[in-house]
Amino acid sequence: MSELAAAFHQALGELLPFSEAVERAREHRSLSASARAEIVGMGWNGLMTPEEAGGLGLGVGEVIDLCAVAGEHLLPVALLDESLLLAPALAAAGHSGLVGVVDGEVAGGGGYVTEGSGDMDAGGMLAVSGVGVRLSPGAGLAALCHPRWTAVISLEDPGVDLERADALDRAQGVHVLSTAGVRPEVVLDGWADGGAVAAGWLAGLLADLVGGAERIMSLSVSHARSRNQFGRPLTRFQAVTHLLAEMKARLELMRSAVARVAFVMDEGNWDPAFLAGLLWSVPAYAREVCESAIQVHGGIGFTWEYGLHLYYRRILSLQSMLGGALNTAAQAGRAYMDAG
Amino acid sequence: MLAALAVRRNVAVCDIVEVVLQTFPETLAMGGAEEDLRTELRAWISDHDPGPPPAEYGARIEALTRWQAALCEAGFMGLSWPVRYGGRGMSLAAEAVLAEELARSGAAELINRLALYTWGPTLMDMGDPSQLRRFLPGMLDASELWCQGFSEPDAGSDLAGVRTRAEMDGEELVVTGQKVWTSRAELSTWNALLVRTAGDPGQHRGLTLLITNMKSDGITIRPLPQMLGEPHFSEVFFDEVRVPVANVLGGVNEGWRVSMKAMGYERGIFVLERSIRLRRRLSELADRVRAAGGADRAGLAGIGRIHASLEMLTAQAYRTLAHQQAGTLLPGATSVDKLYLAEVYQDLFSTAAEILGPEVTLADDGWTHDLLESRSVSIYSGTSEIQKNIIVGRLLGIR
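Residues numbered from 1 in each chain as written. Chains lettered and ligands numbered in written order. Predicted model: local features only at pLDDT ≥ 70, side-chain atom pairs only at ≥ 80, totals over all residues.

Asks: Can you tell me about the overall build of chain A, naming the residues and giving the values?
Replies: Regarding its fold elements, chain A presents 11 helices and 11 strands. Here chain A has a C-alpha radius of gyration of 20 Å; the compact-globule value for 340 residues is 20 Å, and the two agree. Along the longest, intermediate and shortest principal axes, the C-alpha atoms of chain A span 70 × 50 × 35 Å. Looking at chain A as a whole, 61% of its 340 residues are labelled buried. A separation threshold of at least 6 residues defines the contact pool for chain A, and within that pool the share at least 24 residues apart is 75%. (Helix = DSSP H or I, 4+ residues; strand = E, 2+ residues; numbered from the N terminus. Rg over C-alpha atoms; globule rule 2.2 N^0.38 Å. Buried ≥ 20, exposed ≤ 12 C-beta atoms within 10 Å, placed from the backbone. Contact = placed C-beta atoms within 7 Å.)

Asks: Explain the domain arrangement of chain B to me, using residue names and the numbers behind them.
Replies: Looking at the assigned domains, one finds that chain B contains domain 1 (32-144), domain 2 (147-254) and domain 3 (267-395). Here the C-alpha centre of domain 3 of chain B lies 30 Å away from the C-alpha centre of domain 2 of chain B. (Domains from an automatic or database assignment.)

Asks: Please give an account of the environment of Gly159 of chain A that cites residues and values.
Replies: Residue and element names in this part refer to chain A. Take Gly159: it is sitting in the loop between strand E6 (149-154) and strand E7 (160-164). For Gly159, a count of 15 C-beta atoms within 10 Å gives the class partly exposed. When the C-alpha positions of Gly159 and Glu105 are compared, they lie 24 Å apart, and in sequence the two are 54 residues distant. In this structure Gly159 touches Thr179, Ala180, Gly181 and Val182, once residues within four positions along its chain are discounted.

Asks: Give me the pairing of strand E8 (residues 174-179) of chain A: which residues, what numbers.
Replies: Residue and element names in this part refer to chain A. Sheet topology note: the strand E4 (residues 131-135)/E8 ladder contains 4 bridges and is antiparallel. Paired with Gly132 across the strands is Val176, a residue of E8. Pairing analysis gives 5 bridges linking E7 to E8, with the strands arranged antiparallel. By the bridge assignment, Glu163 is partnered in E8 with Val176. (Pairing = 2+ DSSP bridges.)

Asks: Please provide a residue-by-residue account of the interface of chain A and chain B, values included.
Replies: It is common to give the size of an interface as the accessible area that goes away when the parts come together. The partner chain B presents 42 residues to the 50 residues of chain A that form the contact. Of all the secondary-structure elements, those providing two or more residues to the side of chain A that touches chain B are helix H1 (3-15), helix H3 (33-41), helix H4 (60-72), helix H7 (196-226), helix H8 (238-266), helix H9 (272-297) and helix H11 (325-339) of chain A. When residues in the side of chain A that touches chain B are grouped by element, the largest group, 16 residues, is from H8 of chain A. Of the residues that constitute the side of chain A that touches chain B, the class distribution is 27 nonpolar, 13 polar and 10 charged. (Nonpolar A, V, L, I, M, F, W, Y, C, P; charged D, E, K, R; others polar.)

Asks: If you had to explain helix H14 (residues 384-395) of chain B to someone new, which residues and values would you point to?
Replies: Taking 1.5 Å of rise per residue, 12 residues should cover 16 Å, and H14 of chain B covers 15 Å from first to last C-alpha, within 8% of that figure. Those residues of H14 of chain B that fall on the buried side of the exposure criterion are Ser384, Gln387, Lys388, Asn389, Ile390, Ile391, Val392 and Leu395 of chain B. Tucked inside the fold, the buried residues of H14 of chain B contact H8 of chain A together with helix H11 (334-356) of chain B. (Expected span 1.5 Å × (residues − 1).)

Asks: Break down the sheet that holds strand E5 (residues 141-146) of chain A for me, with residues and values.
Replies: Residue and element names in this part refer to chain A. With mixed pairing, the 7 strands of this open sheet are ordered in space as E7-E8-E4-E1-E5-E6-E9. What marks the edges here is a single partner per strand, and that holds for E7 and strand E9 (186-189). Strand after strand, the sheet turns through a mean of 25° between neighbouring axes, direction not considered. Across the face of the sheet, helix H5 (residues 77-92) comes into contact with strand E1 (108-112), E4, E5, E6 and E9 while running at roughly 90° to E1. (Axes fitted to C-alpha atoms, helices over the stretch in contact; angles between N-to-C directions.)

Asks: Quick one: what's the story with the confidence of the model for chain B, residue by residue and with numbers?
Replies: All names here are of chain B. Across chain B, the average pLDDT comes to 91, with 94% of residues at 70 or higher. Across residues 11-20 the pLDDT falls below 50, and counting only partners more than four positions away or on other chains, this stretch makes 18 contacts in the model. Interface confidence for the predicted complex, expressed as ipTM, amounts to 0.96; the pTM equals 0.93. (pLDDT = per-residue confidence, 0-100.)

Asks: Explain the environment of His307 of chain B to me, and be specific about the residues and the numbers.
Replies: Checked against the element boundaries, His307 of chain B lands in helix H10 (residues 297-326). Residue classification places His307 of chain B among the buried residues on the basis of 29 C-beta atoms within 10 Å. Here the alpha-carbon distance between His307 of chain B and Leu348 of chain B, two residues 41 residues apart in the chain, equals 9.1 Å. Leave out the neighbours within four places in its chain, and His307 of chain B touches Gly277, Ala332, Gly333 and Tyr336 of chain A together with Leu282 of chain B.

Asks: Can you tell me about the packing of H9 of chain A against H10 of chain B, naming the residues and giving the values?
Replies: Running from amino to carboxyl end, H9 of chain A crosses H10 of chain B at an angle of 100°, the nearest separation of the two axes being 8 Å. Taken together, H9 of chain A and H10 of chain B sit at an angle that is classed as roughly perpendicular. Here Phe274, Gly277, Leu278, Trp280 and Ser281 of chain A of H9 of chain A lie close against H10 of chain B, whose contacting residues are Gly304, Arg305, His307, Ala308, Ser309, Glu311 and Met312 of chain B. Tallied by class, the residues present in the contact of H9 of chain A with H10 of chain B amount to 5 nonpolar, 5 polar and 2 charged. (Parallel < 35°, antiparallel > 145°, perpendicular 65-115°, else oblique.)

Shown next, in the form of structure tokens:
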């Protein structure tokens, strides 16, 4: 882990205590304004914004370490959307809204538009329906990522319809967005056409899942070591240890793949079909890890207080907002067939 | 950002970095030397590609042996071996380039890969100078093929159960016992043979690794046809076979340590090679699907899942090679590679059978062969259950 990520890990440990995250989710409360201000004050919102535009200009390889820390500490995903998608998109377009986002004065968010949930028409007007987006409180701008385009829209536009939808991922600011006749502020290439902004953001979300899975793994191993049944610890039961081994294998594969995708992105030599594959596999494996973790924990893992559900909700919501397992697998298949 | 973090806590930057967490792992970087090699290999292979080897087993082995000899003659064997041992002194990334470029040819397989990637490196670590002089050259040009004599009727996954005994008699060891599942026993000159020189079956101590000439008196090889109908592996019987003490690798009673070292070398390139071979099969599957007018959503999802899994497997293999290269590979780490290889292998051919349907899978073609063969992958070289035990013990530290 880089120095930066280790320091960030310590800072988030203090700013976002786990017990507080459990309470916030129970009460549907967003991150406090002061905690948000501290995180933005560290430069979080400018991670991938070029230095000349006032950001830190980090590469994907550096950013994934920080995103894994974010996932481990359950940093609201909207902050990843602001930092890794919204701000870089504004920067790429030279949009005047960038400064406000990097400084944290303008809140925002973002989401993924699957191919079935809308598109941009020939005149550049956006019509989407039922798209899940994560928004920080008071968000004014949202970045949307479709395989073929990346766009930023103003949420003040009269054609925007937003409905709060936090049944699954509470306290994450999830909304369902529909638009009719909205002209985006910014339009860039989509990741399927090599758009680097969208690709960097997706790599960050995948790294977030890796960080969460690492935390879940270590909780599970600790639990299995300390919990006794039939007079011996759970780690003496092969049925349990083989579940742990499968989880560990999935986790290591996720880490290898996300490190690889970040490396090739920083080399400027990445293949959209590779990324398409990871949009299926990384969320699917994170989900497997978490489901096995709940099983290994038994009853305690199913309680609200223990909090495994916060990771599970985050994984399910990320997977579903990317289109779900079947859609992402089919999309990867199509990308593979098209590339061949 | 780091400065902001330090200011926030009112401490020096170095003071706040005390937590060591998992970081994202290394991955294999191909530099200029590797890319030059790729160009050189691509040109050479396009001039010399022998095409797919014959289907008949004996003819296939002969063709593959000639192919490796030709590659050696052209200077492409032992790329990562030191120059003093007949190699080119390049990185493991060069071996990855070789594997990738060979996969584009008709004959991706190196017949003596067990020697090149497992026993050659182990010899370089643990062998004495005369052993290096004697054994290394024949590995490179495939003039002396190698097999490995580990498994026995009562020592499969439980390797410490080895009963084949060797008794010291002057300057020789006299071997008596039986091995099983020995791949290519009848073709090999040398067998990396694990025997018991002390202790009782079940003990790790008292094992010795003995480089045994397969043409010695007292060896009987009985092929065991596999479910594929090929004589790929054999039972090998040893009846007072005399092996010079000079052929002991790593010391008498040090066989467990030698075997573990060898197994550490076994996986990196092997998994990459397999992943490339599977990529080729996926590409053939995609061609068939295109020719049939495309796939439905479930078919596309199947192809997408396999494609993604192969990308994960390749990323994992690149990581392993990068860590092998840097000397930072954790003990037990390659069990993840092997476990996942088996999963992806089996998933690919089952999915292909589903997508292609009976017309193809009932035909006597490569798909049927590979579907059957895929069941062996979760058994050979340590079953999937053994890999999980290793992950639990070595990677999770649970004893």
